[in-house]
Amino acid sequence: MGPGVHDLLAGHPGFLGLNVLRDRSGPVPEYITLLRFASQEALEGWRQSPGYQAALRDLPRFTASEVHYREASGLEAWFDRPAGIPAPPLWKNVLVGFVGVYPLILLFTWLTGFFTGHWPWWAAILPSAFLATLFLNWPVLPLLSRALRRWLYPRRQ
């Protein structure tokens, strides 16, 4: 994306942020641009804007090869999938999620138990569920997906 696109995005309703990542794991460095929007409607508004259309026309000036687009929401956005490689099977995503969430639930149940020990069971798990969800989204799943990248995305011969 050209430099002017960042200014256009900053003024677009519902735009939350932009990050540019450099992936050096392949033979040629890849740049990954992450755009975050407050809602699907805000994203669609950006896609229909004249600024986006102009950026698409200008994009070949800033790229050395084909551009890949991927849209993600929820927990799937944290699984760090390399460009051009299919998503891992569901059972691997479930296993990574379990490996991330189980220790968090144990830890936060233990840490909050002093305060919630006299609460009804359904209320006593609320703080643990909230904290586990918060920490699972960041930093646990991003770190796990990077640490287990070779297992999640084995090289295909």
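The rules we used
Just so you know, the residues in each chain are numbered from 1, in the order the chain's sequence is written. Thresholds applied to this predicted model are a pLDDT of at least 70 for local features of residues and 80 or more for the giving and counting of side-chain atom pairs; totals over whole chains, interfaces and linings are not thresholded and use all residues. With hydrogens and water stripped out, all remaining heavy atoms of the structure feed into the side-chain values. Helix numbers and strand numbers start at the N terminus; a helix is a DSSP run of H or I with at least 4 residues, a strand a run of E with at least 2. The buried label goes to any residue with under 20% of its type's maximum accessible area, the exposed label to any with over 50%, and the partly exposed label to all in between, with areas taken from a 1.4 Å probe on protein chains only. Only heavy atoms enter the contact rule, under which two residues are in contact if any of them lie within 4.5 Å. All accessible areas in this document rest on Shrake-Rupley with a 1.4 Å probe, and a residue is counted as covered only by the protein chains that are shown. The working definition used for a salt bridge is a side-chain nitrogen of Lys or Arg within 4 Å of a carboxyl oxygen of Asp or Glu. Here, nonpolar core means buried Ala, Val, Leu, Ile, Met, Phe, Trp, Tyr and Cys residues that are tied together by side-chain atoms lying within 4.5 Å of each other. As a rule, the C-alpha atoms of each element are fitted with a line to give its axis, helices using only the stretch in contact, and angles between N-to-C directions run from 0 to 180 degrees. For any pair of crossing helices, the crossing counts as left-handed if the nearer helix is rotated counterclockwise from the farther one by less than a right angle, and right-handed if it is rotated clockwise. Each residue gets one of three labels, nonpolar for Ala, Val, Leu, Ile, Met, Phe, Trp, Tyr, Cys and Pro, charged for Asp, Glu, Lys and Arg, and polar for the others, Gly among them. Think of it this way: the bend at a residue is just the angle between two axes, each fitted to seven residues, one set ending at that residue and the other starting at it. Like-charged residues within 9 Å of one another, or nonpolar side chains (Val, Leu, Ile, Met, Phe, Trp, Tyr) within 5 Å, are grouped into patches, provided each residue has over 30% relative accessible area and no salt bridge.

Regarding the overall build of the protein chain
Here is step 1: Each helix and strand counted, the protein chain has 7 helices and 2 strands in total.
Here is step 2: Expressed as a percentage of its 157 residues, the buried residues of the protein chain come to 25%.
Here is step 3: Sequence-distant contacts, at least 24 apart, represent 54% of the contacts inside the protein chain between residues at least 6 apart.
Here is step 4: Element-wise, carbon and sulfur atoms account for 65% of the exposed surface of the protein chain, whose accessible area totals about 11500 Å².

Thoughts on the pattern of salt bridges
Here is step 1: Counting across every chain of the model gives 1 salt bridge.
Here is step 2: Linking E44 and R47 is a salt bridge whose minimum nitrogen-to-oxygen distance equals 3.1 Å. Placement of both E44 and R47 in helix 2 (residues 40-47) is noted, with a separation of 3 residues, approximately one turn of the helix.

Some words on the nonpolar core
Here is step 1: With 10 residues, the main nonpolar core is built from V96, L104, F108, A132, L136, V140, L141, L144, L152 and Y153.
Here is step 2: Those elements that place two or more of their residues in this core are helix 4 (90-116) and helix 6 (126-147).
Here is step 3: The element that contributes the greatest number of residues to this core is helix 6, accounting for 5 residues.
Here is step 4: Residue contacts for L104: discarding those within four places in its chain leaves A132, F135, L136 and V140.
Here is step 5: Judged by nonpolar contacts, the second largest core, of 9 residues, contains F15, L43, W46 and A55.

What to know about the packing of helix 4 against helix 6
Here is step 1: Axis separation between helix 4 and helix 6 bottoms out at 8 Å; the angle between their running directions is 145 degrees. Of the two elements, helix 4 crosses helix 6, and the hand of that crossing is right-handed. Residues V96, G97, V99, G100, V101, L104, I105, F108, T109, T112 and T116 of helix 4 pack against P127, S128, L131, A132, F135, L136, V140, L141 and L144 of helix 6.
Here is step 2: Residues belonging to the contact of helix 4 with helix 6 are distributed by class as follows: 14 nonpolar, 6 polar and no charged.

Regarding helix 4
Here is step 1: Approximately 35 degrees is the largest bend angle found in helix 4, and it occurs at W110.
Here is step 2: All of the buried residues in helix 4 are K92, N93, V96, G97, G100, L104, F108, T112 and T116.
Here is step 3: Lining the buried residues of helix 4 we find helix 5 (121-124), helix 6 and helix 7 (149-152).

Here we look at a nonpolar patch on the surface
Here is step 1: Taken together, the side chains of W91, L95, F98, V99, Y102, L106 and W151 make up a nonpolar region of the molecular surface, amounting to roughly 720 Å² of accessible area.
Here is step 2: Mapped onto the elements, L95 comes out in helix 4.
Here is step 3: Taking relative accessible area as the criterion, L95 reaches 39% and is therefore assigned partly exposed.

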